[in-house]
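Each chain, letter by letter, is given below.
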Amino acid sequence: MDTESGVVANFFLLPVVIEFLGCVPLLQRLPSSSLRKIAEVVITKHYDRGEFVVHEGGLGDGIYFIWEGEAEVVGSGTVEEESRLEFQLKRYDYFGHGIGASVQQANVIALSKLTCLVLPNEHCCLLQPISIWNADKALEACPLVELILHLEPIEVNIFKGITLPDAPKFGKVFGGQFLGQALAAASKTVDCLKIVHSLHAYFLLVGDFNMPIIYEVCRIRDGKSFATRRVDAIQKGNVIFTMLASFQKEEEGFDHLVATMPAVPPPDMLLSLEELRDRRLTDPRLPRTYRNKVAAKAFIPWPIEIRFCEPNNSTNQTKSPPSLRYWFRAKGKLSDDQALHRCVVAYASDLIFLSVSLNPHRRKGLKTTSVSLDHSMWFHRPLRADDWLLFVIASPAAYNARGFCAAQMFNRKGELVVSLTQEGLIREAKSKNPNAAVAVSKL
C-alpha cells in the first residue's frame, strides 16, 4: 500500500540523505548547497511488491529517487524479454525528471518492497541552479575565475565550457583552462563527499578559444571510498585534451609532514604583478627597448593574483637558475565548495610553470616556442584558492626539446597542500622563411 512518511529529514539523519542524493547521477552536477535543500524537502513514499508507483496517463507528484528496493517501467508497447533489465530501476535510479506535472508516459511498478524519496513538483526548480558552484549567488557576482570554470550541463556526463572574453588566452585556449574545466566536469559526476586527490592530464592539440569545448566524462569506477573519472575535451570532433582523475571520501588516517616551506617574505610585503609592471616601465636598469615593448603591449589582468618572492630586474632574455617561488590566490571571494577551490588551483598551476625550465637557456635575442604536454597533481590537504598559497617550482632537467618541472604548494601555515609535475615541449623558434611551406603539425 502506498504510504507517505512526510519530509524525509524527520526520519533520517540529514547527512545520510545528502550522501544518498550525492550518488544520484542527475544530482551530482548541482552545488552541494542544492543537495542540502533537496534533502530538506523530499518526502518518503513506501510501496508493496506489485503496487503501482505511478500510472501511465496519471499526474506525477514530482521526481522519484529509489532509496531502497527495485521497480520496473512497464509501457504500453511490448518489451522483449532480453531487454527487460534495461527497464528495471534500482537504488540511485530516478524517474519523472522532465515531466513535471504532465501526464506519466509509462507505468512504474514495485518489484519488491520499495522506498522512494520524492522531490515535489513545486521544488523541482532546485534542479536548475544559476551556477554549478553556487545556488544562491548570481553569476555576475562571482569572481572571474569562478565564471571561467562554470560549465553548462548538456547531459548527465556531458558539459560545455567556453573561453570568456576576459580569460587569459595566450593565442590559444590556456592549458590551465583545460585543467580547471575538465576537473570541474569530472567533479560534477561524483558524490559531493568525494573530492579529487590526484589527476593526470595530456594536452593533445591546440584549442580554439572562439569555439565551445565539449567535456565528455567516463565513469570508470565508483567505489565506497574512491571514484575514478576520465574526461575528454572535444572540439571539431577531435579529442584535444584528456584527463584521468581520482576522488576520495574524507576519512581518518595516518598523518605526517616532512616537507618544509622555504623561508620567503609574506605576500603582503611583496609587489603585485600590476605594481611590478608599473615599476619596470620606469626602471632605468632595464633596456629601453624592453621597457618600450612592455609599455606597448596591452595589459590584461589575470583572474589570479601573483606576487613573486624574489622580484628582480631579469627579463625573458636573462639567464637565471631553473627555479621560481611565488604566492598566488584567486581574485575575489570564491563559493564555499572544496571541489571549486581545487579546480581553481589546477587552473592557476599552469600560468607560470613550464617556463621555469627555460631559465638557464635564456639569452639576448632568443625566441622560443613552448607547449604543455602533460600535467600531474596530487592534493594532500584541504585548501582555499582565495587565500595565499606558495608555489615552489624547480626544473631538474631538460632534454630532447622537453622541459620537466616539479613543484610544491604550501598554505600560509606552512603545510604542503599540493604536489605537481609538468613536462612540456620547449624549442628555439626558427626564423620564418616566407617561401617555406606551411607546417601541418603544431609540434
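Q: Talk me through the packing of helix α1 (residues 14-22) against helix α2 (residues 32-41); I want residue IDs and the actual numbers.
A: As a packed pair, α1 and α2 sit with axes 9 Å apart at the nearest point and diverge in direction by 115°. Handedness of the crossing formed by α1 with α2: right-handed. Counted together, Leu14, Val17, Ile18, Leu21 and Gly22 of α1 and Leu35, Arg36, Ile38, Ala39 and Glu40 of α2 form the full contact between these two elements.

Q: Tell me what's going on with the side chain of arginine 307, and back it up with residues and numbers.
A: Looking at the secondary structure, you find arginine 307 in strand β16 (residues 304-308). For arginine 307, a relative accessible area of 13% gives the class buried. Within the structure, the side chain of arginine 307 is placed 3.0 Å from the backbone oxygen of proline 267, a separation counted as a polar contact. Side-chain polar atoms of arginine 307 contact the backbone oxygen of leucine 270, separated by 3.3 Å. Discounting chain neighbours no more than four positions away, the residues touching arginine 307 are Pro267, Asp268, Leu270, Leu271, Ser272, Tyr326, Trp327 and Trp388.

Q: Tell me what's going on with the pairing of strand β10 (residues 152-155), and back it up with residues and numbers.
A: Both β10 and strand β11 (residues 158-161) contribute to a ladder of 3 bridges, which runs antiparallel. Bridged to glutamate 152 within β11 is lysine 160. Linking β10 back to β11 in an antiparallel pair, the connection comprises 2 residues.

Q: Help me get a handle on the nonpolar core, residues and values and all.
A: Ranked by internal contacts, the top residues of the largest apolar core, which has 68 residues, are Tyr215, Phe241 and Ile304. It is helix α7 (residues 338-348) that provides the largest number of residues to this core, a total of 8 residues.

Q: Could you give an account of the pattern of salt bridges, with specific residues and numbers?
A: Under the definition given, this model contains 21 salt bridges. Ionic pairing is found between lysine 249 and glutamate 19, a salt bridge with its closest N-O pair at 2.3 Å. Separated by 230 residues along the polypeptide, lysine 249 in strand β15 (residues 238-249) and glutamate 19 in helix α1 bring together distant segments of the chain. Relative accessible area serves as the criterion here: at 27%, glutamate 19 is assigned to the partly exposed category. When salt bridges that share partners are traced, they join Lys333, Asp336, Arg384 and Asp386 into one network.

So, how was this worked out
- Residues numbered from 1 in each chain as written.
- Predicted model: local features only at pLDDT ≥ 70, side-chain atom pairs only at ≥ 80, totals over all residues.
- Heavy atoms only, no water.
- Axes fitted to C-alpha atoms, helices over the stretch in contact; angles between N-to-C directions.
- Helix = DSSP H or I, 4+ residues; strand = E, 2+ residues; numbered from the N terminus.
- Left-handed = near helix turned anticlockwise from the far one by under 90°.
- Contact = heavy atoms within 4.5 Å.
- Buried < 20%, exposed > 50% of the residue type's maximum accessible area, 1.4 Å probe, protein only.
- Polar contact = N/O pair within 3.5 Å; in protein donor to acceptor, adjacent residues only side chain to side chain.
- Pairing = 2+ DSSP bridges.
- Core = buried A, V, L, I, M, F, W, Y, C linked by side-chain atoms within 4.5 Å.
- Salt bridge = Lys/Arg side-chain N within 4 Å of Asp/Glu carboxyl O.

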